[in-house]
Amino acid sequence: MRAVVTGGAGFLGSHLCDRLLKEGWEVLALDNLITGAEKNLAHLKGNGRFEFLKLDVSEALHIAGEVGYVLHFASPASPPDYLKHPIATMKVGSLGTLNALDLALAKGAKFFLASTSECYGDPEISPQHEEYWGHVNPVGPRSVYDESKRFAEALTMAYHTHHGLDTHIIRIFNTYGPRMRLNDGRALPNFVYQALSGKPLTIFGDGQQTRSFCYVDDLIEGIYRLMHANEHFPVNIGNPLEMTILEFAERIRKHYRPAPEIVFEPLPQDDPKRRRPDISKAKRILGWEPKVELEEGLKTTLAYFAQEYKSTK
Ligand code: UDP
């Protein structure tokens, strides 16, 4: 019952470590901290079943002792982050995945890949189901993330079919919650940072592009169920409640007094116009669906960010 979580100091990785520890696992978290932060794991200091190692999983990955599960969550995930670290993003999706798979193979462990709705690119169908092959620009700015995750999925399937490795692939749709990095470039942390610092909220394009936001606890529940399922092909996990980014900004701005203004800025290249998960597969094979209402999740998240903002002052 020892799990290795790559990207363990990240937003999702750290919540996953918490859940695994709660379920009785020993956890080794690995992170090179380019976008993760040790403070996300600070509350686990002194927990005898938890260990953290600062290392880059794109380099060689040798871990002593038994390992029962390797969960590969390491990667920059915010568009500005992967644009800032394009090569590191491609390395962790390719070499990092290869190293994590080899570790699982060497230890006789199961393997879990954190993939993404970005595999669908700027989709021509909505909602997106798992059989859709996607619409990705292979040389656009987002390709460093999209294509390395698509490669990671292909590599994971190859280890499953060729080596018989017990593998799982989740396609994660937009997720939010405590431990996102304030101002990390994604819509929610940007809007909240702007609201807290008295700046206008920046909407890219006309704000009519859509996203569907899943609260982190729901996502982690989906991950935990998929870890134990007999399913090797990708499974979408996300909240199907779709809204425009303008509506989303409105939902956030009404939490602040005075409510911040909204300004419009150019839409980044290849920004997907629609994104909404088809979760019928997750419902069918995992009995999973999201439970946390947007207002409820926002309340917890905004309280976390208010605290974070205060501590930076
Ligand atoms: N977005 C925005 N203003 C911001 C940050 C993002 O309008 O300050 C838009 C972005 O162009 C995209 C959507 O919000 O259409 C979600 O962006 P995010 O970076 O959160 O994630 P994505 O779903 O694009 O990976």
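Residues numbered from 1 in each chain as written. Predicted model: local features only at pLDDT ≥ 70, side-chain atom pairs only at ≥ 80, totals over all residues. Heavy atoms only, no water.

## Considering the pattern of salt bridges
Part 1 of the reasoning: Applying the stated rule across the entire model yields 21 salt bridges.
Part 2 of the reasoning: For Arg-274, the salt bridge is made with Glu-242, and the minimal N-O distance between the two is 3.1 Å. Placement of Arg-274 in the loop between strand S13 (262-265) and helix H8 (280-286) and of Glu-242 in strand S12 (residues 242-244) is noted, with a sequence separation of 32 residues between them.
Part 3 of the reasoning: Residue classification places Arg-274 among the partly exposed positions, given a relative accessible area of 39%.
Part 4 of the reasoning: Under the relative-accessibility criterion, Glu-242 is labelled partly exposed at 23%.
Part 5 of the reasoning: A salt bridge links Lys-283 to Glu-289; the shortest N-O distance between them is 4.0 Å.
Part 6 of the reasoning: A residue is classified by how much of its surface remains accessible, and Glu-289, at 38% relative accessible area, is partly exposed.
Part 7 of the reasoning: Residues joined by salt bridges that share partners form a network here, namely Glu-118, Arg-142, Arg-211, Asp-271 and Arg-275. (Salt bridge = Lys/Arg side-chain N within 4 Å of Asp/Glu carboxyl O. Helix = DSSP H or I, 4+ residues; strand = E, 2+ residues; numbered from the N terminus. Buried < 20%, exposed > 50% of the residue type's maximum accessible area, 1.4 Å probe, protein only.)

## Quick word on the packing of aromatic side chains
Part 1 of the reasoning: Considering all chains together, one arrives at 10 aromatic pairs under this definition.
Part 2 of the reasoning: With a centroid separation of 6.0 Å and an interplanar angle of 25°, the aromatic rings of Tyr-120 and Tyr-132 are classed as stacked. Of this pair, Tyr-120 sits in the loop between strand S5 (110-116) and helix H4 (143-163) while Tyr-132 sits in the loop between S5 and H4, and the two are 12 residues apart along the sequence.
Part 3 of the reasoning: For Tyr-120, a relative accessible area of 1% translates into the label buried.
Part 4 of the reasoning: When the centroid spacing of 3.8 Å and the interplanar angle of 10° are considered together, the rings of Phe-213 and Phe-248 count as stacked. Here Phe-213 is found in the loop between strand S9 (210-212) and strand S10 (214-215), whereas its partner Phe-248 is found in helix H7 (residues 245-253), with 35 residues between them in sequence. Phe-248 shares its class with Phe-213; the two are buried.
Part 5 of the reasoning: Site record: aromatic cluster; members linked through ring pairs are Tyr-120, Tyr-132 and Phe-173. (Phe/Tyr/Trp six-rings, centres within 6.5 Å; stacked < 30°, edge-to-face > 60°.)

## Considering the sheet that holds S5
Part 1 of the reasoning: Taken in spatial order, the seven strands line up as S3-S2-S1-S4-S5-S6-S11 in an open sheet, and their pairing is parallel. Two strands in the sheet have a free side with no partner beyond their single neighbour: strand S3 (50-54) and strand S11 (235-237). Shown here is a sheet whose adjacent strand axes are inclined to one another by a mean of 20°, direction ignored.
Part 2 of the reasoning: The pairing of S5 with strand S6 (residues 167-172) spans six bridges and is parallel. (Pairing = 2+ DSSP bridges. Axes fitted to C-alpha atoms, helices over the stretch in contact; angles between N-to-C directions.)

## Description of the environment of Lys-45
Part 1 of the reasoning: By the element assignment, Lys-45 lies in the loop between strand S2 (26-31) and S3.
Part 2 of the reasoning: On the basis of relative accessibility, which here comes to 75%, the residue Lys-45 falls in the exposed class.
Part 3 of the reasoning: With 242 residues separating them along the chain, Lys-45 and Gly-287 place their C-alpha atoms 34 Å apart.

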